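Okay, here's what each chain looks like letter by letter:
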Amino acid sequence: MVTLFFVTTILLFLLGVPMAVTIGISSMLYILFADIPPMVMIQRIYSGVDVSSLMAIPFFILAGNLMLTGGLAQRILDLANSMVGRRTGGLGMVTIIGCMFFAAIAGSSIATAAALGTLMIPAMVQKGYDKNFATAIVASASPMGVIIPPSILFILYGSLSGTSISDLYMAGIPAGIIVGTILMTTVYIVSKKKGYKGSGEPFQLKDFAQAFKRSLWALGTPFILIGGVFAGIFTPTESAVVAVFYATIVGLFIYKEMKVKDLWKIFYDSAIQTATIMFIIANANLFAYVLAYEKIPESLVSNLLTLSENPVIVLLIINLILLVAGAFLDTIAIIVIVVPLFLPVITQLGIDPVLFGVIIVVNTAIGMVTPPFGGTLLISSNIAKVPLMRVAKRAALPIVGLIVALIIITYIPGLTLFLVEQ
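Residues numbered from 1 in each chain as written. Predicted model: local features only at pLDDT ≥ 70, side-chain atom pairs only at ≥ 80, totals over all residues. Heavy atoms only, no water.

Within the protein chain one finds 22 helices and zero strands. Expected size for 422 residues packed as a compact globule is a radius of gyration near 22 Å; at 21 Å, the protein chain falls within 12% of this value. Dimensions of the protein chain, computed from C-alpha atoms along their principal axes, come out at roughly 70 × 45 × 45 Å. By the burial criterion, 55% of the 422 residues in the protein chain qualify as buried. At a minimum sequence separation of 6, the contacts of the protein chain that also span at least 24 residues come to 79%. Surface summary for the protein chain: the accessible area is close to 18,000 Å², and the carbon and sulfur share equals 68%. Here the protein chain holds 22 positive side-chain charges and 17 negative ones, and the gap between their average locations is 19 Å. (Helix = DSSP H or I, 4+ residues; strand = E, 2+ residues; numbered from the N terminus. Rg over C-alpha atoms; globule rule 2.2 N^0.38 Å. Buried < 20%, exposed > 50% of the residue type's maximum accessible area, 1.4 Å probe, protein only. Contact = heavy atoms within 4.5 Å. Areas by Shrake-Rupley, 256 points an atom, 1.4 Å probe, with all protein chains shown as cover. Lys, Arg positive; Asp, Glu negative; His and termini not counted. Charge placed at Lys NZ, Arg CZ, Asp CG, Glu CD.)

For the coordinates displayed, the defined rule picks out two salt bridges. Among the ionic pairs, Asp269 bridges to Lys265, the shortest N-O distance being 2.8 Å. On the criterion of helical spacing, the pair formed by Asp269 and Lys265 is a turn pair, its members being four residues apart in helix α14 (residues 262–293). Classification of Asp269 by relative accessible area gives partly exposed; the value is 26%. Under the relative-accessibility criterion, Lys265 is labelled exposed at 52%. (Salt bridge = Lys/Arg side-chain N within 4 Å of Asp/Glu carboxyl O.)

Glancing now at helix α19 (residues 375–384). Listed as buried for α19 are Thr376, Leu377, Ser380, Ser381 and Ala384. Down the axis of α19, the buried side of the element spans an arc of 125°, and every buried residue falls inside it. One or two residues past the end of α19 sits Lys385, with phi positive at roughly 60°. (Arc of directions from axis to C-beta.)

Chain-level statistics for the protein chain give a pLDDT mean of 83 and a share of 93% at 70 or above. Per-element confidence in the protein chain is highest for helix α21 (residues 396–411), whose mean pLDDT is 94, and lowest for helix α15 (residues 296–307), whose mean pLDDT is 70. (pLDDT = per-residue confidence, 0-100.)

To continue, consider the packing of aromatic side chains. Within this structure, the stated rule accounts for five aromatic pairs. Look at Tyr30 and Tyr293: their rings are 6.2 Å apart centre to centre, the planes differ by 75°, and that puts the pair in the edge-to-face class. Pair noted here: Tyr30 is in helix α2 (residues 19–33) and Tyr293 is in helix α14, with a separation of 263 residues, a long-range link. Taking the centre distance of 6.5 Å and the plane angle of 35° together, the rings of Trp264 and Tyr268 count as tilted. (Phe/Tyr/Trp six-rings, centres within 6.5 Å; stacked < 30°, edge-to-face > 60°.)

This part covers the packing of helix α8 (residues 131–141) against α19. The interhelical angle for the contact between α8 and α19, taken along N-to-C directions, is 140°, at an axis separation of 9 Å. Classified by the angle between their axes, α8 and α19 sit oblique to one another. Judged by the sense of rotation from one axis to the other, the crossing of α8 with α19 is right-handed. In contact with Lys131, Thr135, Val138 and Ala139 of α8, α19 contributes Thr376, Leu377, Ser380, Ser381 and Ala384. (Axes fitted to C-alpha atoms, helices over the stretch in contact; angles between N-to-C directions. Parallel < 35°, antiparallel > 145°, perpendicular 65-115°, else oblique. Left-handed = near helix turned anticlockwise from the far one by under 90°.)

Here the focus is unusual backbone geometry. Glycine aside, residues mostly have negative phi angles, and peptide bonds mostly take the trans form. For Lys256, which is not glycine, the phi dihedral falls at a positive 60°. Following the sequence through the fold, Lys256 ends up in the loop between α13 (236–254) and α14. On the accessibility criterion, Lys256 (55% relative accessible area) is exposed. Within the chain, Lys385 stands out as a residue other than glycine whose phi angle is a positive 60°. Here Lys385 shows up in the loop between α19 and α20 (388–394).

In this section: the environment of Ile165. Following the sequence through the fold, Ile165 ends up in helix α10 (residues 165–194). A C-alpha to C-alpha distance of 16 Å links Ile165 and Phe223, two positions 58 residues apart in sequence.

Quick look at the structure:
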């Protein structure tokens, strides 16, 4: 039965069947041939999405789409440009800082890539940047949307592992700063070599103050989403609901870049995105049930611990597995599949589950830039209308930077967990 299960999964994957359908069909076939009552399929699919903390996901998606239409992205980019736009590689750094800010608004890497790719790739090309490299910057920086809270993946990991979502949020902020800093350093090095200069104008406090003032309403959203949770005022779900209300008011009545007629399309797109995510979660929960039924997690624990009981070595092995998986699997599918597999291992070794959550999410972020199925790589290359593999080639150095950030986060946990431990 186990052979049938894995052969079916691999075969469907190689045929190009969507991952959610692949793991769903292979799990259903296993259950039918293993003489498990078919009702288990319905129960497991339903229970996969019948989790209260997952209610935050549709509201985060809706809030992000409202903000995309409401004119927040350009104001955040103007603020970032007033900070670093004058330096060598300034526009590339502006893109990275813009991704960091926008990640704290949209909570989605795909939304971040779509919003900033449309704005920043043409702007960088106009300033003399190689189009493939400009696209690679957006592709490698927008995955911070899953690292910096509010992150849908943190909510999902917290619901699966029983880890505090507030603690994951607090660990996600320094992790995102580490990733962003290393990416900016990478862009600076390449820009220095290629001659991608900034504006050259001296820093003007007046310009910064004006840009800050114009972006103040946009910056209010991260404070609601993150600050409200940290302060104990809102749960993650409640903060997402408040953010939806706030984004609607700002977009309609303050920035006035969103019209009432736009709301129908925003609601429709958000519903489609939510349904897609929930479909993946439901089928992945069924897949996780089959793994547990066959005691595969227990077998994996014993095999890993046979190789080594040293947390350094085990984390290295897990990171390598996740990096390979990230190149082929959807981020949500990875979370739902690997958490029940690896959580017993890290628990037995005494590794902090908050740190492990950040490690998994950073791995999935790297997977979004890695060919052949990297989500932000696909979105960015499509926006720029350039071949995917050309962008992937120019993204090689940023990917190395992301892996360096992963190593720092994994093996110097104090840099990531210092907010949690206070």
